[in-house]
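Descriptive structure summary
What follows is the residue order along each chain.
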Amino acid sequence: MTTDQILLLAILTATLALFLWGRWRHDVVALAALVACILAGLIPSREAFAGFGHPAVITVAAVLILSRGLQTTGAVDLLTRTILPAGAGRTLTMAALLGLGAALSAFMNNVGAMALLMPVAIQQASRIGVTPGQMLMPLAFATILGGMTTLVGTPPNLIVSGFRESAGNGGFAMFDFAPAGLAVALAGISFVVLGGWRLVPVKRPSGADAFETAAYFTEVEVPEGSKLSGKSLRHIEDSLSQIEAQIVGLVRNNVRISAPHRGLTVRDGDILVLEADVEGLAETLSALDLKLEAEKRPRTNQDDAVPAPETDSNAEDDGKEPAPKSAPRPDDIVVKELAVLPGSTLVGRSARDLQLRSRYGLNLLAVSREDRKPQVRLRTLSLRSGDVLLLQGPVETLADFASETGCVPLAERELRLPQKRKAILAGAIMVAAVALATFGILPAEAAFTLGVLVSMVTGTVPPRTVYTAVDWPVIVLLGALMPVAGAMETTGTASLIAETLVETVAQGNAIAALALVLVVTMTLSDVMNNAATAAVMAPIAVGIAAALGGNPDSFLMAVAIGASCAFLTPIGHQNNTLILGPGGFSFGDYWRLGLPMELIITAVALPVLILVWGL
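The notes below deal with the structure included here. Because the structure is predicted, anything quoted here is derived from the model rather than measured.

Attention now moves to the side chain of Arg252. Checked against the element boundaries, Arg252 lands in strand β2 (residues 246–252). Only 2.8 Å separates the side chain of Arg252 from the backbone oxygen of Thr265, close enough to count as a polar contact. In this structure the side chain of Arg252 is engaged in a polar contact, spanning 2.6 Å, whose partner is the side chain of Asp270.

See the structure below:
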């Protein structure tokens, strides 16, 4: 061993130990490893921070931003209702979601597949009673497994095929990877669905439980020609049974009916009073294709519900057409929760008394009250200390309103109201970006960055939220460790590890050598880029096959499978990295499900490789 190899192994050992200890945040440890390599002369200082421009880092950042657009526009709700079985239990929901993720990953960039389904997984986790991480980690693993079933599913497959072609044997065909890849994917997904998910640590993302509020009460109008017209309240409530929302009142001809009979038929122009939490509210509006009554412009002097903040008026709330003035940009409109404090000037006053739309340009969308249901219209409800208001308006206006009236903003959480046009647009942008990457028109990092740019221009991801959508500790982690992984290759440390293990452990046995190639490749892929792992291990595998007189294709397939099966750490694959923040995970959480997965994959892959490709 050279001095450089000894130093690098020492740094890697210390880094992994600190990751597993968990005392310091993973991005801090990664930066420390990078600095240590610079000081040891293992990485030239001029190349030390090149990792932050690495395609994988750019891709992860762009995918996180596009994923935010899918969430906030309601595209996730549309996808969930279309593909996943409605009201399905935990096992069927997981099977459907993981199967979809694996199928998409076989023919598209598996990072794109993960990004597309990650918001769906978070949403479904709440419905079936598991933490976000208990859905995200299985989904990440399923999308990784699906990628190994075709030539284009994952970079290691392309690298292995390219190496075979450069050796004069021709490249692998599109579905040459399917026999082993499909068997491994089915075994891995079945294990997770049938109980493996329980091995995922029960953790919640930072801030996920920062506060709880009682259910919100809001009003929605049944527009003319709505699909709800002519249907009974019983039929509508049955369709809402899985969303945890209910109808608690109905307003017809300005008369409120509390606890209306379930057999009552809904008419055009009726106003439904709904009780739901924020997530249920968004899902309800999307499922019924309705809009909040508070977002509609009043039609009479009596009906002075709060209009949308895109226009404002200096006039009082008297139903007159407001005079247009400089309207806030749609990008500046947000939905925020404000709690009414004791002594607030809002206590005892209603939205109509406050003239919210003409004086402030704000919408009162809903009110959360702890002890009992409001018995009057939303616009005339007298506010009390402890009420939580769901308000829509410009960011600065909401901040000024809170300060002026004695309210306090609640801790930030994702508040989304469905926007059908933008939801379709956000989905189209993601599909287009994935297609550009899949068909090789643009590199993945360029395709997803183009998607981010288009999203900002079209407003599906407001520019002000772009930087908050990125999980920066994850980006620092990747950017810092990319040069460290590169040093493993340039110093020959990776090759040294692989060759030493094969020579000392296999000892001339072809089956033992094949198993060792698979396991060593898996191990390396857990701590370095999977494409780099495949590039390092492919020539070693072929050399071992030649020395043993075996079939090189079996060993190359073992490299392809092993390079894709990085389940022990968050840095082995970009999909593992994507879920680090949203799942609330630490570095040492992955092995609990990842280790059994790798054992199962090894047990399934070896006999399939021997049976299909021979030794």
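To continue, consider helix α23 (residues 591–613). Of the positions making up α23, those classed as buried are Leu593, Gly594, Met597, Glu598, Ile601, Thr602, Ala605, Leu606, Val608 and Leu609. Structurally, α23 contributes buried residues whose contacts are with α7 (132–147), α9 (178–193), α19 (510–527) and α21 (552–564).

Let's shift gears to unusual backbone geometry. Even without a glycine there, the phi angle at Gln355 is positive, about 55°. One can find Gln355 in the loop between α12 (351–354) and α13 (356–360). Residue class for Gln355 comes out partly exposed when judged on its relative accessible area of 26%.

With respect to the helices and strands, the residue Thr491 is situated in the loop between α17 (472–490) and α18 (493–506). For Thr491, a relative accessible area of 18% puts it in the buried group. Side chain to side chain, Thr491 and Thr493 meet in a polar contact 2.7 Å long. Residues within four places of Thr491 in sequence aside, it is in contact with Asp4, Gln5 and Leu8.

It is worth spelling out the environment of Gly146 at this point. Checked against the element boundaries, Gly146 lands in helix α7. Given the relative accessible area of 1%, Gly146 is considered buried. Distance in space between the C-alpha atoms of Gly146 and Leu104 is 7.5 Å, their sequence separation being 42 residues.

Basis of the calculations
Residues numbered from 1 in each chain as written. Predicted model: local features only at pLDDT ≥ 70, side-chain atom pairs only at ≥ 80, totals over all residues. Heavy atoms only, no water. Helix = DSSP H or I, 4+ residues; strand = E, 2+ residues; numbered from the N terminus. Polar contact = N/O pair within 3.5 Å; in protein donor to acceptor, adjacent residues only side chain to side chain. Buried < 20%, exposed > 50% of the residue type's maximum accessible area, 1.4 Å probe, protein only. Contact = heavy atoms within 4.5 Å.

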